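Structural description and commentary
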Amino acid sequence: MALTYLDHAASTPMREGAVAAMMPFFSGTYANPSGSHRFAREARRAIDEARDDVADVLGVAPGSVIFTSCGTEADNTVLAGVSGAAVCSAAEHHAVLHPIEERADGVVIGTDATGHIDLDRLADACRTPGVGVVSVMAVNNEVGTITDLGEVAAIVRREAPDAVLHTDAVQAPCWLDLRSIAPLVDAMSFSAHKFGGPKGVGVLTLAPGVAVDPLIVGGGQERERRSGTHNVAGIVGLATALVETDQDRATEQVRLTALRDRLVDAVTGSVDGVVETVPRDRKVAGSAHMCIDGIENEALLYLLDEADVCASAASACASGAMEPSHVLAAMGVDRCLALGALRLTLGHTTTDADVDRAAEVVVDAVRRLRARAS
Ligand code: PLP
């Protein structure tokens, strides 16, 4: 039986166009793009073109685009490279949360019941003198909540006008028009494997005039902002996937909203005690996060895995732990309910058959686990 893959927020399959665009750069145009000969210039041209394409979709100048090795590196660079106190939301990915928690001057702000940063507490934190960087994610990787970055930006510009405002937009490209986010913030992070590009390549954008010390120093690539030989194939694959994602976004939103609703309705309509963690109008179309009463998600994931349904409980990095996720804890979800969290995430390869099969398997697994418990 084919896999039913509903873990797109962890990693989405590569787009065929991205795979094809990368191929010539493995064994054909293999030169180091920093070289001075014509073969190197060919590789450099590919990076320049990719940078232009990425800048166009992100709504920034090409000079603002810095290629990194992943979303984590992009996040870490901003947080390590700006002096002063650092502020973030309690629902951030660990790539933002851990660096801020480790700092003596790190401030972590709570969220409301949907996982959205508490705006009053954000304003209070920004009023403290010496805030250097504020980082608030665009879309939550676990529960899918969309942040109102317009409101966040208005608060940060008013209360801490000198702070760098960063958004971890790693989960945004499939769902949000990135050109509307760029003018609100100073820095954004992206990761190719979340939108049909390869793993191991990301982007950090820095608005003109925003000074961030480099995390990786050496050969001075990326205008001294990120040293290290360019991952040419990865960068080309990232750019191709991003352009295709941008072109397909509007139609995919409609298609996947209908599929997500069908999946969640099928589960909630068949078994009692299933709570949709975040209301549909507050989250992205690809997110079907539920908390299932009386179930331990480890046992549920085991049964789903046995039935060839790929899902997750929390973010991929945290799965396997029996503690409720930090995101659900921040949202104030009851601990017992949080232990029954199930994250199903849809993406560009998701079909009608996938959601129908997943719903059937989830319902069957919940019934079996409850029967076993009683
Ligand atoms: N930020 C968010 C919101 C994510 O979902 C992820 C990946 O799960 C990351 C950062 C880290 O990205 P990468 O896997 O490229 O390091």
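Above this text is the structure in question.
Report on the accompanying structure. (Residues numbered from 1 in each chain as written. Predicted model: local features only at pLDDT ≥ 70, side-chain atom pairs only at ≥ 80, totals over all residues. Heavy atoms only, no water.)

Here we come to empty space enclosed by the protein. The final tally for this structure, using the stated rule, is 3 cavities of 30 Å³ or more. By volume, the largest cavity amounts to about 250 Å³. Forming the walls of the largest cavity are 27 residues, and the residues nearest its centre are C174, W175, K194, L346 and G347. At 5 residues, the largest contribution of residues to the lining of the largest cavity is made by helix α9 (residues 232–268). Grouping the constituent residues of the lining of the largest cavity by class yields 9 nonpolar, 12 polar and 6 charged. Approximately 50 Å³ is the volume found for the second largest cavity. Forming the boundary of the second largest cavity are S89, A91, E92, G115, H116, I117, V136, M137, N140, T145 and T147. (1 Å grid on protein atoms, 1.4 Å probe; cavity = no way out; pocket = protein on both sides within 12 Å on 5 of 7 lines; lining within 4 Å. Points joined across faces, edges and corners; volume = space filled by probe spheres on them. Helix = DSSP H or I, 4+ residues; strand = E, 2+ residues; numbered from the N terminus. Nonpolar A, V, L, I, M, F, W, Y, C, P; charged D, E, K, R; others polar.)

A few words now on the sheet that holds strand β10 (residues 287–292). Strand pairing in a sheet is mediated by backbone hydrogen bonds. Such pairs are either parallel or antiparallel. The sheet built from 3 strands is open, its strands ordered β9-β10-β12 with antiparallel pairing. What marks the edges here is a single partner per strand, and that holds for β9 (274–276) and β12 (341–345). Ignoring strand direction, the axes of neighbouring strands in this sheet form an average angle of 25 degrees. Relative to β10, β9 is paired through 3 bridges, and the arrangement is antiparallel. When the bridges of β10 are listed, V274 appears paired with I292. Where α9 meets the sheet, it contacts β9, β10 and β12, and its direction lies at approximately 15 degrees from that of β10. (Pairing = 2+ DSSP bridges. Axes fitted to C-alpha atoms, helices over the stretch in contact; angles between N-to-C directions. Contact = heavy atoms within 4.5 Å.)

Okay, the pattern of salt bridges next. Tallying each qualifying case throughout the model produces 23 salt bridges. Among the ionic pairs, R179 bridges to D177, the shortest N-O distance being 3.9 Å. Look at R179 and you get partly exposed, because its relative accessible area is 32%. Measuring nitrogen to oxygen at the nearest pair gives 3.5 Å for the salt bridge that ties D352 to R262. Of this pair, D352 sits in helix α13 (residues 352–373) while R262 is found in helix α9, placing the two residues 90 residues apart along the sequence. Taking the relative accessible area as the measure of exposure, D352 reaches 41% and is therefore partly exposed. Salt bridges sharing common partners tie together R260, D261, D265, E276, R280 and K283. (Salt bridge = Lys/Arg side-chain N within 4 Å of Asp/Glu carboxyl O. Buried < 20%, exposed > 50% of the residue type's maximum accessible area, 1.4 Å probe, protein only.)

Moving on to the pairing of strand β7 (residues 187–191). Among the 5 residues of β7, 5 are classified as buried, and the element is accordingly described as predominantly covered. Residues A187, S189 and S191 line one face of β7 and the alternating positions M188 and F190 line the opposite face, and both faces are buried. The pairing of strand β6 (residues 164–168) with β7 spans 3 bridges and is parallel. Residue pairing in the sheet places T167 in a bridge with M188 of β7. Where β7 meets strand β8 (residues 202–206), 5 bridges bridge the pair, whose relative direction is antiparallel. Among the inter-strand pairings, S191 is bridged to a residue of β8, identified as G202.

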